[in-house]
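# Close look at the chain arrangement
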Amino acid sequence: MEKLKLIHKYAEKFVSNADIEAMSGRAVEAMRTLHNKSGAGNDFLGWVTLPTDYDKEEFARIKKAAEYIKANCDILIVIGIGGSYLGARAVIEALKSPNYNALAKDTPQIFFIGNTISPSMVTELVSLCEDKDICINVISKSGTTTEPAIAFRIFRDIIYKKYSAEEAAKRIFCTTDKARGTLKELADEVGYETFVVPDDVGGRYSVLTAVGLLPIAAAGIDIDALMAGAQTAQNALCSEDINANDCLKYAAIRNCFYEAGKKLECFISYEPCMTMFNEWLKQLFAESEGKDGKGLYPVSCIFSTDLHSVGQYIQESGGPLMFETCLKFNKPLDDLVITEQEGNIDGLNFLAGKTMSLINEKARQGTLLAHTEGGVANLVLEIDAIDAESIGYMIYFFEKVCAVSGYILGVNPFNQPGVESYKKNMFALLGKPGYESEKEKLEKELGI
């Protein structure tokens with residue numbers, strides 16, 4: 001079957017085929033804008049052809065560096081924020097397990113830091129590194145982004161206290177600008193191996209570059225298969241026939257919901273290993289579409305877990321506000337059979353002989369019916385399996401959906417001007433040189 005299939009029949013009473021057809025012209029025009037590189041942000045479209053037009057020499061170096069990391073450390077510290085860590089973590093947890101670090105394996109534990117300024121989180125990770133061999137992969141285009149720069153300062157000091165300068169240099173890998181910036185200058189001066197954050201690929205679209213591929217490969221995941229899945233998607237998702245291109249149709253339907261007054265899109269999975277993939281989706285769509293007072297607000301749930309919490313709200317109050325997009329996998333990674341128990345104390349013997357995957361699927365079907373009957377529209381994205389090729393396909397699929405959808409919406413899907421606002425205030429409050437004039441004003445507003 002196809003790597004990914006859109007099923008929208010459960011949304012037809014909310015968004016009709018006529019609605020989709022009416023949106024199709026705008027969707028096709030948006031995709032042409034993307035392919036022609038004639039829209040806003042067109043200097044950040046390197047990801048569009050990346051699966052077939054990537055640096056093969058660097059790709060080989062990534063695999064070689066991953067082998068070094070696997071052979072020489074117990075812990076790999078990945079330092080980055082936003083797209084510099086979310087994609088890699090999403091892929092590792094999807095394909096290896098959210099419990100990856102606790103499982104027996106021949107690959108290192110991988111911890112992500114530089115995505116928070118919480119002293120507790122940093123201190124805890126420092127303690128976990130005691131008496132362990134460690135490597136660092138620091139990911140930053142400039143090298144001066146506050147959160148990862150602080151983390152790199154801390155863990156670089158640890159590396160240099162633990163090893164000789166020569167050995168330390170072998171254990172630090174920098175993914176940064178190809179020619180300039182603080183981190184690139186430091187790497188060239190000291191001799192750290194470097195990988196490139198492409199100039200024409202923004203952070204949230206960068207998981208299939210060295211940004212994501214090095215930690216993914218260090219986890220023992222087949223990055224050739226990951227790229228092969230993305231290549232399949234690149235080749236498959238080009239048709240201008242909305243009924244032959246699920247990427248185009250999904251982008252159109254999302255905008256139909258938006259224009260009908262929906263405010264939220266809730267990404268759903270029944271597999272906990274997809275939790276971080278949902279987090280990557282939230283960043284991808286929120287930073288790409290959430291500007292100029294526009295855009296669906298992306299949220300996510302893992303069912304059936306969240307059916308016993310926010311499920312109440314979705315069922316009885318969600319209809320006017322939201323629609324759901326469910327990621328459905330046809331083949332589970334593993335399965336269990338429910339056994340019969342003498343006495344039937346828990347009343348579950350009616351499940352004896354049934355697999356956990358069947359029960360999970362019936363929970364999905366039951367929820368689908370309940371939510372649609374409760375007025376919450378549902379889209380289903382059906383994926384054959386949770387494997388490297390399928391995940392690679394999904395990454396490209398969602399990146400292209402997001403870009404096309406953003407152009408339909410009338411925004412630049414590749415900038416994030418709002419992210420800079422908190423940084424300016426934080427720098428002023430911390431007394432960074434050049435921000436002195438704002439410090440007193442902000443402290444007065446805060447009452448400090």
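Worth saying up front: this structure is predicted, and the values here are computed from it rather than measured.

Turning our attention to the overall build of the protein chain. Across its full length, the protein chain holds 16 helices and 10 strands. Scaling as 2.2 N^0.38, a compact globule of 448 residues should have a C-alpha radius of gyration of about 22 Å, and the protein chain matches this with 23 Å. Considered along the principal axes of its C-alpha atoms, the protein chain spans approximately 65 × 60 × 55 Å. Looking at the protein chain as a whole, 50% of its 448 residues qualify as buried. For the protein chain, long-range pairs separated by at least 24 residues make up 78% of all intrachain contacts whose partners lie at least 6 apart in sequence. Summing over all exposed atoms, the protein chain offers an accessible surface of approximately 20100 Å²; the carbon and sulfur share of this is 50%. One way to put it: in the protein chain the 46 positive side-chain charges average out to a point 3 Å from where the 62 negative ones average out.

Attention now goes to the packing of aromatic side chains. What characterises a pair of aromatic rings is the spacing of the ring centres plus the angle enclosed by the ring planes. Scanning all chains against the criterion turns up 19 aromatic pairs. Summarising the aromatic geometry, the rings of Trp47 and Tyr396 are spaced 6.0 Å apart at their centres and angled 55 degrees between planes, so their arrangement reads as tilted. Placement of the pair is Trp47 in the loop between α1 (17-36) and α2 (56-72) and Tyr396 in helix α14 (residues 388-409), with a sequence separation of 349 residues. Accessibility assignment for this pair places Trp47 and Tyr396 in one class, buried. With centroids separated by 5.4 Å and ring planes inclined at 85 degrees, the aromatic side chains of Phe397 and Phe398 adopt a geometry described as edge-to-face. In terms of burial, Phe397 and Phe398 fall into one category: buried. Here a set of aromatic residues connected by ring pairs shows up, and it is made of Tyr250, Phe267, Phe277, Trp280, Phe285, Phe397 and Phe398. Here the basic side chain of Lys56 rests over the ring of Tyr54, its NZ or CZ set 4.2 Å away from the ring centre. A cation sits over an aromatic face here: Arg171 above Tyr163, 4.3 Å from the ring centre.

Moving on to the state of the cysteines. The tally for this structure, following the rule as stated, stands at zero disulfides. A disulfide-free cysteine, Cys135 has its sulfur positioned 3.9 Å from the sulfur of Cys73, the nearest such atom.

With that settled, consider the packing of helix α3 (residues 86-96) against α14. Across the interface, α3 lies against α14 with an axial gap of 10 Å and an inter-helix angle of 145 degrees. Read as a crossing pair, α3 and α14 show a hand that is right-handed. In this structure, α3 contributes Val91, Ala94 and Leu95 to the contact, and α14 contributes Ala388, Ile391 and Ile395. When grouped by side-chain class, the residues that make up the contact of α3 with α14 number six nonpolar, no polar and no charged.

All right, on to the packing of helix α15 (residues 419-430) against helix α16 (residues 436-446) then. Where α15 contacts α16, the axes come no closer than 8 Å and their chain directions differ by 100 degrees. In this view, α15 runs roughly perpendicular relative to α16, as classed from their interaxial angle. Contacts between α15 and α16 pair Asn425, Ala428 and Leu429 from the former with Glu438, Lys439, Leu442, Glu443 and Leu446 from the latter. Within the contact of α15 with α16, the residues separate by chemical class into four nonpolar, one polar and three charged.

Side chains bearing opposite charge may pair, as long as their charged atoms lie close to each other. Overall, the coordinates contain 23 salt bridges when judged by the stated rule. In this structure, the salt-bridge partner of Lys141 is Asp177, at a minimum N-O distance of 3.0 Å. Placement of Lys141 in the loop between β4 (134-139) and α5 (146-162) and of Asp177 in the loop between β5 (172-176) and α7 (182-190) is noted, with a sequence separation of 36 residues between them. Given the relative accessible area of 31%, Lys141 is considered partly exposed. The class of Asp177 is buried, set by a relative accessible area of 3%. Taking the shortest distance from any N to any O, the salt bridge between Glu382 and Lys328 comes out at 3.4 Å. Here Lys328 lies in strand β9 (residues 322-331) and Glu382 lies in strand β10 (residues 377-385), a separation of 54 residues in the sequence. This pair shows no difference in class: Glu382 is buried, exactly as Lys328 is. One network of salt bridges, in which partners are shared, links Lys141, Asp177, Lys178, Arg180 and Asp199.

The rules behind these values
Residues numbered from 1 in each chain as written. Predicted model: local features only at pLDDT ≥ 70, side-chain atom pairs only at ≥ 80, totals over all residues. Heavy atoms only, no water. Helix = DSSP H or I, 4+ residues; strand = E, 2+ residues; numbered from the N terminus. Rg over C-alpha atoms; globule rule 2.2 N^0.38 Å. Buried < 20%, exposed > 50% of the residue type's maximum accessible area, 1.4 Å probe, protein only. Contact = heavy atoms within 4.5 Å. Areas by Shrake-Rupley, 256 points an atom, 1.4 Å probe, with all protein chains shown as cover. Lys, Arg positive; Asp, Glu negative; His and termini not counted. Charge placed at Lys NZ, Arg CZ, Asp CG, Glu CD. Phe/Tyr/Trp six-rings, centres within 6.5 Å; stacked < 30°, edge-to-face > 60°. Lys NZ or Arg CZ within 6 Å of the ring centre and 35° of its normal. Disulfide = S-S within 2.5 Å. Axes fitted to C-alpha atoms, helices over the stretch in contact; angles between N-to-C directions. Left-handed = near helix turned anticlockwise from the far one by under 90°. Nonpolar A, V, L, I, M, F, W, Y, C, P; charged D, E, K, R; others polar. Parallel < 35°, antiparallel > 145°, perpendicular 65-115°, else oblique. Salt bridge = Lys/Arg side-chain N within 4 Å of Asp/Glu carboxyl O.

Everything listed is a geometric property; what it means functionally is a separate question.
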